[in-house]
Amino acid sequence: QVQFVESGGGLVQAGGSLRLSCVASGITFAIHAVGWYRQVPGKQRELVATIGNGGYPIYTSSVKGRFTISRDNAKNTVYLQMNSLKPEDTAVYYCNTAPVASDSWGQGTQDTVSS
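Residues numbered from 1 in each chain as written. Predicted model: local features only at pLDDT ≥ 70, side-chain atom pairs only at ≥ 80, totals over all residues. Heavy atoms only, no water.

1. Things to note about the side chain of Arg-71
Mapping Arg-71 onto the fold places it in strand S7 (residues 67–72). One buried charged residue, Arg-71, remains without a salt bridge, the closest side chain of opposite sign being Asp-72 at 8.3 Å. A distance of 2.9 Å separates the side chain of Arg-71 from the backbone oxygen of Phe-29, its partner in a polar contact. Side-chain polar atoms of Arg-71 contact the backbone oxygen of Gly-52, separated by 3.0 Å. With residues near it in sequence (within four places) discarded, Arg-71 still touches Phe-29, Ala-30, His-32, Ala-33, Val-34, Ile-51, Gly-52, Asn-53, Thr-77 and Val-78. (Helix = DSSP H or I, 4+ residues; strand = E, 2+ residues; numbered from the N terminus. Buried < 20%, exposed > 50% of the residue type's maximum accessible area, 1.4 Å probe, protein only. Lys, Arg positive; Asp, Glu negative; His and termini not counted. Salt bridge = Lys/Arg side-chain N within 4 Å of Asp/Glu carboxyl O. Polar contact = N/O pair within 3.5 Å; in protein donor to acceptor, adjacent residues only side chain to side chain. Contact = heavy atoms within 4.5 Å.)

2. Points about the nonpolar core
Membership of the largest hydrophobic core comes to 26 residues, with the highest contact counts inside it found for Trp-36, Phe-67, Ile-69, Val-78, Leu-80, Met-82 and Tyr-93. Residue contacts for Met-82: discarding those within four places in its chain leaves Gly-16, Ser-17, Leu-18, Leu-20, Arg-66, Phe-67, Tyr-93 and Asp-111. (Core = buried A, V, L, I, M, F, W, Y, C linked by side-chain atoms within 4.5 Å.)

3. Topic: the sheet that holds strand S8 (residues 77–82)
Taken in spatial order, the 4 strands make up an open sheet running S1-S3-S8-S7, and their pairing is antiparallel. Two strands lie at the open edges of the sheet, namely strand S1 (3–7) and S7, each paired on one side alone. Going from strand to strand, the sheet's axes swing by 15 degrees on average, the running direction of each strand aside. The sheet contact formed by strand S3 (residues 18–25) and S8 spans 6 bridges and is antiparallel. By the bridge assignment, Leu-18 is partnered in S8 with Met-82. (Pairing = 2+ DSSP bridges. Axes fitted to C-alpha atoms, helices over the stretch in contact; angles between N-to-C directions.)

4. Let's talk about the packing of aromatic side chains
Per the stated rule, a full pass over the model turns up 2 aromatic pairs. Both rings, one in Tyr-94 and one in Trp-105, keep their centres 5.9 Å apart while their planes meet at 80 degrees; by these two values the pair is edge-to-face. Taken as a pair, Tyr-94 in strand S9 (residues 91–97) and Trp-105 in the loop between S9 and strand S10 (109–114) lie far apart in primary sequence, 11 residues in all. The class for Tyr-94 is buried, based on a relative accessible area of 12%. Overall, Trp-105 belongs to the partly exposed group, its relative accessible area being 23%. Grouped by ring-pair contacts, the aromatic residues Tyr-37, Tyr-94 and Trp-105 constitute a single cluster. When the ring centre of Tyr-79 is taken as reference, the NZ or CZ atom of Arg-19 above it lies at 4.1 Å. (Phe/Tyr/Trp six-rings, centres within 6.5 Å; stacked < 30°, edge-to-face > 60°. Lys NZ or Arg CZ within 6 Å of the ring centre and 35° of its normal.)

5. Some remarks on the pattern of salt bridges
Taken as a whole and assessed by the stated rule, the structure comprises 3 salt bridges. Between Asp-89 and Arg-38 there is a salt bridge; the shortest N-O distance is 3.0 Å. Here Asp-89 is found in the loop between S8 and S9, whereas its partner Arg-38 is found in strand S4 (residues 34–39), with 51 residues between them in sequence. Taken individually, Asp-89 and Arg-38 each receive the classification buried, so the pair is uniform in this respect.

6. Digging into the sheet that holds strand S2 (residues 10–13)
One open sheet accounts for 6 strands, arranged S2-S10-S9-S4-S5-S6; its pairing is mixed. In this open sheet, the two edge strands, each paired with only one partner strand, are S2 and strand S6 (57–59). Averaged over all pairs of adjacent strands, the angle between strand axes in this sheet comes to 25 degrees, irrespective of strand direction. For S4 and strand S5 (residues 46–51), the ladder comprises 5 bridges, and the chain directions are antiparallel. Directly across from Tyr-37, in S5, lies its bridge partner Leu-47.

By themselves, these are just geometric observations and shouldn't be taken as functional.
See below:
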């Protein structure tokens, strides 16, 4: 079965950095585009960044220039380096394939940015 396990979240001040990791299992990771999504209470889950199986990244405009997505196919892992964090980046962050092919969401990792 498909599983995603996210880690690396925490509490930081505005302007700080966090690095998220997500390990995938149950899929042939290397052939899939994967993405980082985030959700705040009362809002729909938002796609933040994706990286194709060839390594090409795409970012939503609100994080462009601040976040960097990368992947290590040997470790079935996708990363999200988040710099210059803002309070509006506060959310639970999830990873999944992009587009989402399975409803097997992980528990996510909570990132809280204080002002």
